[in-house]
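# Coordinate inspection notes
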Amino acid sequence: DGGITQSPKYLFRKEGQNVTLSCEQNLNHDAMYWYRQDPGQGLRLIYYSQIVNDFQKGDIAEGYSVSREKKESFPLTVTSAQKNPTAFYLCASSKGTSGTGELFFGEGSRLTVL
Amino acid sequence: ILNVEQSPQSLHVQEGDSTNFTCSFPSSNFYALHWYRWETAKSPEALFVMTLNGDEKKKGRISATLNTKEGYSYLYIKGSQPEDSATYLCALFLYGGQFYFGTGTSLTVIP
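Presented here is a report on the structure given in the accompanying data block. (Residues numbered from 1 in each chain as written. Chains lettered and ligands numbered in written order. Predicted model: local features only at pLDDT ≥ 70, side-chain atom pairs only at ≥ 80, totals over all residues. Heavy atoms only, no water.)

It is worth spelling out the overall build of chain A at this point. Looking only at helices and strands, chain A features 0 helices and 11 strands. For chain A, the N- to C-terminal ordering of α and β elements is β-β-β-β-β-β-β-β-β-β-β. Against the 2.2 N^0.38 benchmark of 13 Å for 114 residues, chain A shows a C-alpha radius of gyration of 13 Å, consistent with a compact globule. For chain A, the spread of C-alpha atoms along the three principal axes comes to 40 × 30 × 25 Å. Burial analysis of chain A (114 residues in total) assigns 48% to the buried set. In the form shown here, chain A has an accessible surface area of approximately 5600 Å², with 46% of it arising from carbon and sulfur atoms. (Helix = DSSP H or I, 4+ residues; strand = E, 2+ residues; numbered from the N terminus. Rg over C-alpha atoms; globule rule 2.2 N^0.38 Å. Buried < 20%, exposed > 50% of the residue type's maximum accessible area, 1.4 Å probe, protein only. Areas by Shrake-Rupley, 256 points an atom, 1.4 Å probe, with all protein chains shown as cover.)

Spelled out as structure tokens, the structure:
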């Protein structure tokens, strides 16, 4: 079945450590996105990519990094520079880059900093 | 940062009631408006994608309208059922590739 897979589902990190969240899609979608959700807030865009080897910062990119070396993969690294990394992270993809293609979401990764 | 507002924040209705929610957004730079349903412990799923002023979309008991000139979209649910309980998100797509999400409306349908 085609879909979008995020891993791990739950992750615990000590302060000062970098962690990488995986996002893989087999839908042949062009665009991929990373969002963060905090309690009581909507989904906030961290990074997005519309084409391989290119990506743009969203509103809250500080402390995060991404890569898009393959069309199907868009991993997110939460670095030690991210001051409040405990959150729920959602990856999404869409066909095309016009905004008319619906977003498909992974199941999310919940990161807790100890 | 673009402000996409949804109201109400939460809603409790009796089974069989009809209900509606609002998504408000700045009318300039509009490109597309999406509605998603997010059930607990699942991934958000697309309901509608709308691009034209006056668009109306329908899927079963759920429908949506779009007014790009005044910057709002309504989502209607007719005859709510317990399985409609979820958070409903709207998202605005801007030219350049960014989706901006509202904070959502949490709907609980009481049997």
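Turning our attention to the pattern of salt bridges. Following the criterion strictly, the structure yields 5 salt bridges over all chains and no others. A salt bridge links K42 of chain B to E39 of chain B; its shortest N-O distance comes to 3.9 Å. K42 of chain B gets classed as partly exposed once you look at its relative accessible area, which sits at 48%. The shortest N-O distance in the salt bridge between D84 of chain B and R61 of chain B comes to 2.8 Å. One end of the pair, D84 of chain B, is in the loop between β8 (72-77) and β9 (86-94); the other, R61 of chain B, is in the loop between β6 (56-59) and β7 (62-67), with 23 residues separating them in the sequence. Several salt bridges share partner residues, and in doing so they unite R36, D38 and R44 of chain A into one network. (Salt bridge = Lys/Arg side-chain N within 4 Å of Asp/Glu carboxyl O.)

Let us look at the environment of H29 of chain A. Residues and elements named next belong to chain A. Within the secondary structure, H29 sits in the loop between β3 (19-25) and β4 (31-37). The class for H29 is buried, based on a relative accessible area of 6%. The sequence separation of H29 and K95 amounts to 66 residues, and the corresponding C-alpha distance is 4.4 Å. With sequence-adjacent residues up to four places away left out, H29 is seen in contact with R68, K71, S93, S94, K95 and F104. Polar contacts involving the side chain of H29 include one to the side chain of S93, which spans 2.8 Å. (Contact = heavy atoms within 4.5 Å. Polar contact = N/O pair within 3.5 Å; in protein donor to acceptor, adjacent residues only side chain to side chain.)

Now for the packing of aromatic side chains. Summed over the entire model, instances satisfying the criterion amount to 15 aromatic pairs over all chains. With a centroid separation of 5.2 Å and an interplanar angle of 45°, the aromatic rings of F21 of chain B and Y88 of chain B are classed as tilted. Residue F21 of chain B is located in strand β3 (residues 19-24), and its partner Y88 of chain B is located in strand β9; the two are separated by 67 residues in the primary sequence. Each of the two residues, F21 of chain B as well as Y88 of chain B, counts as buried. Every member of this aromatic cluster is reached through a ring pair, and the members are Y33, Y35, Y48 and F105 of chain A together with Y31, Y36, F93, F99 and F101 of chain B. The ring centre of F48 of chain B lies 5.9 Å from the NZ or CZ of K59 of chain B, which sits over that ring. (Phe/Tyr/Trp six-rings, centres within 6.5 Å; stacked < 30°, edge-to-face > 60°. Lys NZ or Arg CZ within 6 Å of the ring centre and 35° of its normal.)

Residue and element names in this part refer to chain A. Here strand β2 (residues 10-13) shows a buried face lined by L11 and R13 and an unburied face lined by Y10 and F12. Where β2 meets strand β11 (residues 109-113), 4 bridges bridge the pair, whose relative direction is parallel. Residue pairing for β11: R13 is matched across the bridge by V113. (Pairing = 2+ DSSP bridges.)

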